[in-house]
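Breakdown of the fold
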Amino acid sequence: SFVEERVFERDTQRVLAYYKHVAPNSFHDGDERHARYMVWKYKGKKDALWRRLEAKYGFPVKHAWEWDDDEEGEREAKGGEEEEETEDLDGSDGSGEL
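The text that follows walks through the structure, step by step, so that each part is easy to find. All values reported here derive from a predicted model rather than from experimental measurement. (Residues numbered from 1 in each chain as written. Predicted model: local features only at pLDDT ≥ 70, side-chain atom pairs only at ≥ 80, totals over all residues. Heavy atoms only, no water.)

Next up on the list: the packing of aromatic side chains. Applying the stated criterion to the full structure yields four aromatic pairs. Seen in terms of ring centroids, Y37 and W40 are 5.9 Å apart; in terms of plane orientation they differ by 35°. Their pairing is tilted. Taken together, the residues span about one helical turn, with Y37 and W40 both in helix 2 (residues 32-41) at a distance of three residues. Among the aromatic residues, those joined into a cluster by ring pairs are Y18, Y19 and Y57. The ring centre of W50 lies 4.2 Å from the NZ or CZ of R14, which sits over that ring. (Phe/Tyr/Trp six-rings, centres within 6.5 Å; stacked < 30°, edge-to-face > 60°. Helix = DSSP H or I, 4+ residues; strand = E, 2+ residues; numbered from the N terminus. Lys NZ or Arg CZ within 6 Å of the ring centre and 35° of its normal.)

Right, dumping it as structure tokens:
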């Protein structure tokens, strides 16, 4: 049915987003076939799928749109907090004289 297909696609995108953020550049990152297989395998047992992914990687499974919000929040937090310190390794004061 239409609803089952939409739920299947939504859950596939959820698994893909999870792998993208939790295990970037891994074998499963961007592997739509694997994500579709996982969703199909756990049809009717989605809670078990989410629990197993959380147990394996140690991060909560979020919806695809929730990951986007986290990225923006992390960027804002990092932008204001982090300032790089520079250390003068050669001992000069920057005047160009030796």
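Over its 21 residues, helix 1 (residues 2-22) extends 30 Å from the first C-alpha to the last, a length consistent with the 30 Å expected when each residue adds 1.5 Å. Taken together, the buried positions of helix 1 are occupied by D11, T12, R14, V15, L16, A17, Y18, Y19 and V22. (Expected span 1.5 Å × (residues − 1). Buried < 20%, exposed > 50% of the residue type's maximum accessible area, 1.4 Å probe, protein only.)

Now for helix 2. Those residues of helix 2 that fall on the buried side of the exposure criterion are H34, A35, M38 and V39. Seen from one end, helix 2 has its buried residues packed into an arc of 135°, which puts them on one side. Seen from the buried face of helix 2, the exposed residues on the opposite side, beyond 90 degrees, are R33 and W40. Packing partners of the buried residues in helix 2 comprise helix 1 and helix 3 (46-57). (Arc of directions from axis to C-beta. Contact = heavy atoms within 4.5 Å.)

Now for the pattern of salt bridges. A pair can form between side chains of opposite charge whenever their charged atoms are brought close. With the rule as written, the count across this model stands at three salt bridges. Between R36 and E9 there is a salt bridge; the shortest N-O distance is 2.6 Å. In this pair, R36 is assigned in helix 2 and E9 in helix 1, connecting sequence segments 27 residues apart. On the basis of relative accessibility, which here comes to 29%, the residue E9 falls in the partly exposed class. When the shortest N-O distance is used, the salt bridge between K46 and D11 registers 2.8 Å. On the criterion of sequence distance, the pair formed by K46 in helix 3 and D11 in helix 1 is long-range, its members being 35 residues apart. (Salt bridge = Lys/Arg side-chain N within 4 Å of Asp/Glu carboxyl O.)

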